[in-house]
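Here is what each chain is made of, one letter per residue.
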Amino acid sequence: MKLIIALIQPEKLPDVKQALFNAAVHKMTVTNVVGCGQQKGFTETYRGVVTEVNLLKKVRLDIAVNDDFVKPTIKAIMNGARTGRIGDGKIFVLPLEECYRIRTGETNSAAIG
Ligand SMILES: Nc1ncnc2c1ncn2[C@@H]1O[C@H](COP(=O)(O)OP(=O)(O)OP(=O)(O)O)[C@@H](O)[C@H]1O
Ligand SMILES: [Mg+2]
């Protein structure tokens, strides 16, 4: 099992959702976040207040998948989110140790799928 965390441009969320749906990935958590990549966040002082000016709005997807869904999920996110411009986003893939469906008590693969 893996936990796939993707940071994407907010306006690409509909395309990514459609691509994930086409890949039979229907479960996800979506969060509005701010962040910066290699163009670097920086701070400036405005009237004595340090302000972060380079943290841009992004959408974060958290998707837990069984191993056979890892590659299709990554491919769908890439296809849906890529414009070829800087800031298109990042995908992180983490090992996922356990998963429980609270209602049924199912665990791991059965609980994710
Ligand atoms: N190393 C990182 N650790 C944590 N979050 C990151 C990292 N790199 C990128 N992010 C997150 O992903 C978002 C999108 O990153 P972004 O696409 O700008 O990556 P990049 O490495 O700067 O690539 P590009 O040059 O294509 O812009 C960032 O706003 C930030 O939220
Ligand atoms: Mg960047």
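In what follows, the accompanying structure is described. A quick note: this is a predicted structure, and the numbers were derived from the prediction, not measured.

1. Thoughts on helix H1 (residues 13–22)
No. 1: Within the sequence span of H1, burial applies to Leu13, Val16, Ala19 and Leu20. For H1, the arc enclosing every buried residue in end-on projection is 130°, short of the 170-degree limit, so these residues lie on one face. Opposite the buried face of H1, at more than 90 degrees from it, the exposed residues are Pro14, Phe21 and Asn22.
No. 2: On its buried face, H1 sits against strand S1 (2–8), strand S2 (29–35), strand S5 (56–65) and helix H2 (70–81).
No. 3: Ala24 sits one or two positions beyond H1 and adopts a positive phi of about 65°.

2. Here we look at the site of ligand 1
No. 1: Around ligand 1, a shell composed of 13 residues is seen, among which Gln38, Gln39, Gly87, Gly89 and Lys90 lie nearest.
No. 2: In the environment of ligand 1, an oxygen atom lies 3.3 Å from a nitrogen or oxygen atom belonging to the backbone of Gly35.
No. 3: With respect to ligand 1, the backbone of Gly87 contributes an N or O atom lying 2.6 Å from an oxygen atom.
No. 4: Relative to its unbound accessible surface of 610 Å², ligand 1 loses 71% to contact with the protein.
No. 5: For the shell around ligand 1, the class distribution of residues is four nonpolar, six polar and three charged.

Rules and cut-offs
- All residue numbers refer to position in the chain's written sequence, counted from 1.
- Whichever chain is written first is A, and whichever ligand is written first is 1; the rest continue in order.
- Note on the predicted model: pLDDT of at least 70 is required for a residue's local features to be given, and 80 or more for side-chain atom pairs to be given and counted; whole-chain, interface and lining totals, by contrast, use all residues.
- Each side-chain value is worked out from all heavy atoms of the structure, with water and hydrogens disregarded.
- Buried, partly exposed and exposed residues are distinguished by accessible area as a fraction of the type maximum, computed with a 1.4 Å probe on protein chains only: under 20%, between the cut-offs, and over 50%, respectively.
- By definition, any uninterrupted DSSP run of H or I lasting at least four residues is a helix, any uninterrupted run of E lasting at least two residues is a strand, and each is numbered from the N terminus.
- Throughout, the arc means that of the directions going from the helix axis to the C-beta atoms.
- By definition, residues are in contact when any of their heavy atoms lie within 4.5 Å.
- Note on definitions. A residue lies near a molecule or strand when any single heavy atom of the residue is within 4 Å of it.
- Any N or O atom pair separated by 3.5 Å or less is treated as a polar contact, with the protein-specific requirement of one donor-capable and one acceptor-capable atom, and with residues adjacent in sequence counted only for side-chain atom pairs.
- Here, Shrake-Rupley sampling with a 1.4 Å probe gives the accessible areas, and only protein chains in the shown set may cover a residue.
- The nonpolar class holds Ala, Val, Leu, Ile, Met, Phe, Trp, Tyr, Cys and Pro. Asp, Glu, Lys and Arg form the charged class, and all remaining residues, Gly among them, are polar.

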